[in-house]
Amino acid sequence: CIDIQELRSKTGYITMDPGFGNTGSCYSSITYVDGANGVLRYRGIPIEELALKAGFTETAYLILYGKLPNENELKSFSDRIREHAPIHTNLEHHFSGFPKSAPPMAILSAMLNLVSCFHPEVLDVPTTGDEFDRTAALLLSKVRTIAAFAYRMAAGKPINHPNPNLSYCGNFLHMMFSDPYNEYEVSPEIDKALNLFLVLHADHEQNCSTSTVRVVGSSRANLFSSVAAGVCALWGPLHGGANAAVISMLDAIKQSGRPLTYYLDRAKDKDDDFRLMGFGHRVYKNFDPRSIILKKQVHNVLTALKIDDDLLKIAMELEEITLQDDYFISRHLYPNVDFYSGILLRAIGIPLDMYTVMFAIGRMPGWIANWKELHDHHLRISRPRQIYTGNTEHPFIPMNQR
Ligand code: ACO
């Protein structure tokens, strides 16, 4: 039991907000979210419009620089990304040091930190000007190469070096899936689906991983270590890791043959740790606009690719019964971005353990833009307070008396 009066006399007034549900940590002009009305805009542009009209590199430019690029700007930005796609040969050797079972998210985080060792000039990167532009393009490019190499290494396959003639998504798919005697052919449907996935994940204001990037960056840690920390935060199943957890859950439902109500009851049981993965959001209390877009696009992609996925049917039935359920209605629990995204990634052919890595590739523009904004605003170091509930004084007991 905490004596609030005594605490106040010692520490003054402290706002308690575990999980920071109602605490603003910064001013930002990057991404606007209106959770009550399911609105998401990057630099003011609705996500629905970007999803239809913009590619990932164009969206990344928008998030980083605050405006859509004109043709020349997009070309030089894309050229820079292309130029940085290869990774240093010595860095390539590091991949063989990981066991085959190493989780790709661990590899990604470690490798992003390592990249800076091979580019010491970027450790002290300014937040404006050509040096910043170069570093941002370098990160957007290298995250994609590292992700693909991590997959090839785990699959026991030789690395495919980047092909400068391919698009951002095309190059990634080539590095993932080409074989020495069989160049992967990127179909327009798959290229479009991957672009859409990345655009929808490009930023989402002060989510767990972006806040982590900001907290780490606030100590003036470099951009590489800050985004590497972001990868670690994203990994958890309550955040980016949910996209893989959704597919595992849908698969388990399919294999078990149990009725969906069994899983619904478990999700509602407070003595059971089970949650419906892909449901709920801290900010969206009506619907997540990304999930609406994904649900529609998953249908289009599966139809175009002539794929009939049982997991999509289960997902839609699950969504349907939660919409009639008081527990889910009263808590405003609706499908979030992770609910349908895994089905899209399955259709593209991405293996399950790479799903959260795909999220990280998509979120990179948001992480970099938030790190830059933190510096542009000269923010103070992040340093929350606590309410101490332990002994305030305790005698030291010698070893022989314990
Ligand atoms: N299944 C069952 N119950 C849930 C779920 C769920 N998926 N999500 C929340 N609840 C319940 C909680 O038990 C709580 O109930 P109570 O009021 O009876 O105690 C209530 O809804 C509020 O939940 P909180 O955990 O307090 O909500 P919070 O805002 O802290 O967490 C989160 C949001 C982490 C997304 C949560 O809804 C969740 O765990 N969802 C499943 C994991 C998931 O899909 N994560 C991806 C989020 S999107 C993203 O990060 C990209």
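Per an unreviewed UniProt entry, the protein chain goes by Citrate synthase and derives from Desulforhopalus singaporensis. What UniProt records for the protein chain under Pathway (unreviewed entry) is the sentence "Carbohydrate metabolism; tricarboxylic acid cycle; isocitrate from oxaloacetate: step 1/2." For the protein chain, the Sequence similarities (unreviewed entry) comment in UniProt is given as "Belongs to the citrate synthase family."

*Asks:* Requested: an account of the pairing of strand β2 (residues 39–42), with residues and values cited.
*Replies:* Burial of β2 is one-sided: the residues Leu40 and Tyr42 facing one way are buried, the residues Val39 and Arg41 facing the other way are not. Bridge count between strand β1 (residues 31–34) and β2: four bridges; the pairing is antiparallel. The residue bridging Thr31 from the neighbouring strand is Tyr42, located in β2. Connecting the antiparallel pair β1 and β2 is a turn made up of four residues, with Gly38 showing a positive phi of about 65°. Here β2 runs beside strand β3 (residues 45–46); their pairing, made up of two bridges, is antiparallel.

*Asks:* Explain the UniProt feature "active site" (unreviewed entry) in the protein chain to me, and be specific about the residues and the numbers.
*Replies:* Per the UniProt entry, the sites bearing "active site" (unreviewed entry) are His281 and Asp338 in this numbering. In three dimensions, the annotated residues from a span of 58 residues occupy one location, with a maximal C-alpha spread of 10.5 Å. Residue position: Asp338 is located in helix α17 (residues 337–348). The class of Asp338 is buried, set by 29 C-beta atoms lying within 10 Å. Ignoring anything within four residues of it in the chain, the contact list for Asp338 reads Ala242, Asn243, Val246 and Gly278.

*Asks:* Kindly report on the confidence of the model for the protein chain, identifying the contributing residues and their values.
*Replies:* Per-chain confidence: the protein chain averages 94 in pLDDT, with 99% of residues scoring 70 or above. Across the whole predicted complex the pTM is 0.96, and at the interface the ipTM reaches 0.98.

*Asks:* Account for the packing of helix α8 (residues 168–177) against helix α9 (residues 188–200), with residues named and values stated.
*Replies:* Where α8 contacts α9, the two axes come as close as 9 Å, and the packing angle between them is 105°. By the angle between their directions, the pair α8 and α9 is classed as roughly perpendicular. Listed contacts from α9 to Cys169, Gly170 and Leu173 of α8 are Ile190, Asp191, Leu194 and Asn195. For the contact of α8 with α9, the residue count by class is four nonpolar, two polar and one charged.

*Asks:* An account of the site of the ligand is needed here, citing residue identities and associated values.
*Replies:* Lining the immediate surroundings of the ligand are 20 residues, of which Ala242, Arg275, Phe279, Gly280 and Arg282 lie closest. By residue class, the composition of the shell around the ligand is eight nonpolar, eight polar and four charged.

*Asks:* So, the nonpolar core: which residues are in play, and what are the values?
*Replies:* The nonpolar side chains of a soluble globular protein tend to be buried with one another. In this structure, Leu108, Leu112, Val227 and Leu344 are the most contacted members of the largest nonpolar core, which totals 108 residues. With 14 residues, helix α7 (residues 129–154) is the largest single contributor of residues to this core. If we ignore the near neighbours within four places in the chain, the residues touching Leu108 are Ile146, Ala147, Ala150, Val231, Val357 and Ala360.

*Asks:* Before we move on, can you summarise unusual backbone geometry with the specific residues and values?
*Replies:* In this structure, Glu205 is a non-glycine residue whose phi angle is positive, near 35°. For Glu205, the position within the fold is in the loop between α9 and α10 (208–218).

*Asks:* Let's hear about the sheet that holds β1: which residues, and what values?
*Replies:* Read from one edge of the open sheet, three strands run β1-β2-β3, paired in antiparallel fashion. Every other strand in the sheet has two partners, leaving β1 and β3 as the edge strands with one partner each.

*Asks:* Quick rundown of helix α11 (residues 223–235)? Include the residues and the values.
*Replies:* Between its terminal C-alpha atoms α11 stretches 19 Å, which fits the 18 Å expected from 13 residues at 1.5 Å a residue. When you tally the buried positions in α11, you get ten out of 13 residues, the bulk of the element. All of the buried residues in α11 are Leu223, Phe224, Ser226, Val227, Ala228, Ala229, Gly230, Val231, Leu234 and Trp235. Looking at the buried residues of α11, the elements they touch are α6 (104–118), α7, α10 and α18 (355–376).

*Asks:* Tell me about the packing of α6 against α11, residues and numbers included.
*Replies:* Relative orientation of the contacting elements α6 and α11 amounts to 175°, with a least axis distance of 8 Å. The pairing of α6 with α11 is recorded here as roughly antiparallel in orientation. For the pair α6 and α11, contact is made by Met105, Leu108, Ser109, Leu112, Asn113, Val115 and Ser116 and by Phe224, Ser225, Val227, Ala228, Val231, Cys232 and Trp235, respectively. When the residues that make up the contact of α6 with α11 are grouped by side-chain class, the tally is ten nonpolar, four polar and no charged.

*Asks:* Before we move on, can you summarise the environment of Met111 with the specific residues and values?
*Replies:* Tracing the chain through its elements places Met111 in helix α6. Look at Met111 and you get buried, because 25 C-beta atoms sit within 10 Å. In this structure the C-alpha to C-alpha distance between Met111 and Glu319, which are 208 residues apart in sequence, comes to 38 Å. Aside from chain neighbours lying at most four places away, what touches Met111 is His94 and Ile146.

Rules used in this analysis
Residues numbered from 1 in each chain as written. Predicted model: local features only at pLDDT ≥ 70, side-chain atom pairs only at ≥ 80, totals over all residues. UniProt positions renumbered as here; feature names shortened; annotations may be inferred. Buried ≥ 20, exposed ≤ 12 C-beta atoms within 10 Å, placed from the backbone. Helix = DSSP H or I, 4+ residues; strand = E, 2+ residues; numbered from the N terminus. Pairing = 2+ DSSP bridges. Contact = placed C-beta atoms within 7 Å. pLDDT = per-residue confidence, 0-100. Axes fitted to C-alpha atoms, helices over the stretch in contact; angles between N-to-C directions. Parallel < 35°, antiparallel > 145°, perpendicular 65-115°, else oblique. Nonpolar A, V, L, I, M, F, W, Y, C, P; charged D, E, K, R; others polar. Near = placed C-beta within 6 Å. Core = buried A, V, L, I, M, F, W, Y, C linked by C-beta atoms within 7 Å. Expected span 1.5 Å × (residues − 1).

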